[in-house]
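Next come the chains, spelled out residue by residue.
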Amino acid sequence: MATAAPTTRDTEGSVLHALRNPTRLRTEVLAGLVVALALIPEAISFSIIAGVDPRVGLFASFTMAVTIAIVGGRRAMISAATGAIALVIAPVVADHGLDYLIATVILAGVLQVVLSVLGVAKLMRFIPRSVMVGFVNALAILIFMAQIPHLLGVPWLVYPMVALGLLIMVFLPKLTTVVPAPLVAIVALTAATIVFALNVPDVGDEGELPSSLPSLLIPNVPLNLDTLQIIAPYALAMALVGLLESLMTAKLVDDITDTHSDKTREGWGQGIANVVTGFFGGMGGCAMIGQTMINVKVSGARTRISTFLAGIFLLILVVGLGDVVALIPMAALVAVMIMVSVGTMDWHSIAPKTLRRMPIAETTVMAVTVAVTVFTHNLAYGVIAGVLTAMVAFAHRVAHFTEVTKVHEADTDHDGDIDTRVYKVRGELFFASSNDLVYQFDYTGDPHNVVIDMSDAHIWDASTVATLDAITTKYAAKGKNAEIIGLNPASEQRHERLSGHLTGAH
């Protein structure tokens, strides 16, 4: 069997192509360095949220990035310790300690592998575009909101430094793209801080950086059902949140790069990465959309090299060059993340012209996704709320496409009276549209014989079959005969299987 030749974009995304292309390789290396610098303060912050030592978050970011670069299904996507995972696992640490946290991370990884093999990634097809847009916009807002604490109660010098960093990232790409603008901004502001001895908050103020390499760690927990009862609920929540955020991020990168990724491989890859991270004492993680945007959209990375090097650079920076990294002003990293926020927001989706053109239901779905995400600070909750809203809106819209009309041509008896009434039912019949169907017939005024023609309708569920049973029962109670005709094969099969078996009455 002939195989399709790889596309140009597929070739550009391969590691071998990057190694043979000095320009691409430079882009990947510098992108990995920028991401590593941006990961440090966030990993420390997420460690604090989870209630663990900063080393637990930093080592998790290292092992997640390196492992997912090898086994993941979406090239150039960054996985590391995240805020969503930190929120899920924080109660485990508070109530049971670090060993139970590590056991939870390992079990969550195993569950992610199992769920991915069972095909959970295929559920991504049920996430509508409005939810994706809301997801992206909520992410942009959360990224910006995360920078606000670094801009309050700080020396006044922080504000011009952030402004200078933003100016560098806006205007430098117009002159050259040889070096990523975020890296230039970080280096320039760090140099200015050191040369002029500026007293501004730096990375060192966020927490102590590790001085040794991560080592293999087996959690010291009893291997019994009691332990499983403790960690299983948190592990399942972590697995689901991690898969949802990772698959959503992968889909977003697919759209940005106009390439396709293997979502099933990405899912079990996340599981393997979490298992590895757990055995090295990390807090686990998932795809980081903010850092992924830095890598893909800002720095232009397209291969696994940037993801792998982000993890390697992170370890080198915090272990080998910790004293230097600690001097990086937070203003530089805040500026980078503000640019990421601005670049991530889908401004077209909130333009007045777009909002006027879009159906109210679509705008509502987007707004619900954004509101729930921003309120809970959890992208998974926002996506779930958005999908549920979209389902309700879709059911409401489709329900109005059903209609019942009387067909006036009818048989007469020997006295010339109308003997048969024919009704024509059109539309998709399911729980939302069929509930009112029972009120569309004239049970008292109709003649002895009633024909319900459903050749232009389709039965989708048991609710519709129950409604049709109710209609025929009402006619029978009046001493009249109701016949259903014209069912397509699928509808007829469903009707025959369920009709008369949906109530306890016989």
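S.K.: Can you lay out the sheet that holds strand E5 (residues 449-459) for me, pointing to particular residues and giving the numbers?
M.R.: Spatially, E3-E4-E5-E6 is the arrangement adopted by the four strands of the open sheet, whose pairing is mixed. With one partner strand each, in any of the chains shown, strand E3 (403-407) and strand E6 (481-485) form the two edges of the open sheet. Pairwise comparison of adjacent strand axes, ignoring direction, gives a mean angle of 20° for this sheet. Here E3 pairs with strand E4 (residues 420-429) via five bridges, running antiparallel. In the strand pairing of E4, valine 407 is matched with valine 422. Seen against the sheet, helix H21 (residues 489-498) touches E5 and E6 and runs at an angle of roughly 120° to E5.

S.K.: So, the nonpolar core: which residues are in play, and what are the values?
M.R.: Core analysis: the biggest nonpolar cluster contains 108 residues, and Ile40, Ile127 and Met283 have the highest contact counts within it. Of the residues forming this core, the biggest block, 12 residues, is contributed by helix H3 (residues 22-50).

S.K.: Can you break down the side chain of arginine 304 residue by residue, with the values?
M.R.: Summarising the element assignment, arginine 304 is placed in helix H13 (residues 304-320). Here arginine 304 is buried and forms no salt bridge, its nearest opposite-charge partner glutamate 266 lying at an N-O distance of 6.3 Å. From its side chain, arginine 304 meets the backbone oxygen of glycine 72 in a polar contact 2.8 Å long. Residues contacting arginine 304, with those up to four places away along its chain left out, are Val15, Ile68, Ala69, Ile70, Gly72, Gly73, Arg75, Ala76 and Arg265.

S.K.: Run through the pairing of E4, naming residues and quoting values.
M.R.: By the criterion of burial, E4 is predominantly enclosed, with eight of the 10 residues buried. Examined bridge by bridge, E4 and E5 share nine bridges and lie parallel to one another. Bridge pairing in E5 places glycine 427 opposite alanine 457.

Rules used in this analysis
- Residues numbered from 1 in each chain as written.
- Predicted model: local features only at pLDDT ≥ 70, side-chain atom pairs only at ≥ 80, totals over all residues.
- Heavy atoms only, no water.
- Pairing = 2+ DSSP bridges.
- Helix = DSSP H or I, 4+ residues; strand = E, 2+ residues; numbered from the N terminus.
- Axes fitted to C-alpha atoms, helices over the stretch in contact; angles between N-to-C directions.
- Contact = heavy atoms within 4.5 Å.
- Core = buried A, V, L, I, M, F, W, Y, C linked by side-chain atoms within 4.5 Å.
- Buried < 20%, exposed > 50% of the residue type's maximum accessible area, 1.4 Å probe, protein only.
- Lys, Arg positive; Asp, Glu negative; His and termini not counted.
- Salt bridge = Lys/Arg side-chain N within 4 Å of Asp/Glu carboxyl O.
- Polar contact = N/O pair within 3.5 Å; in protein donor to acceptor, adjacent residues only side chain to side chain.

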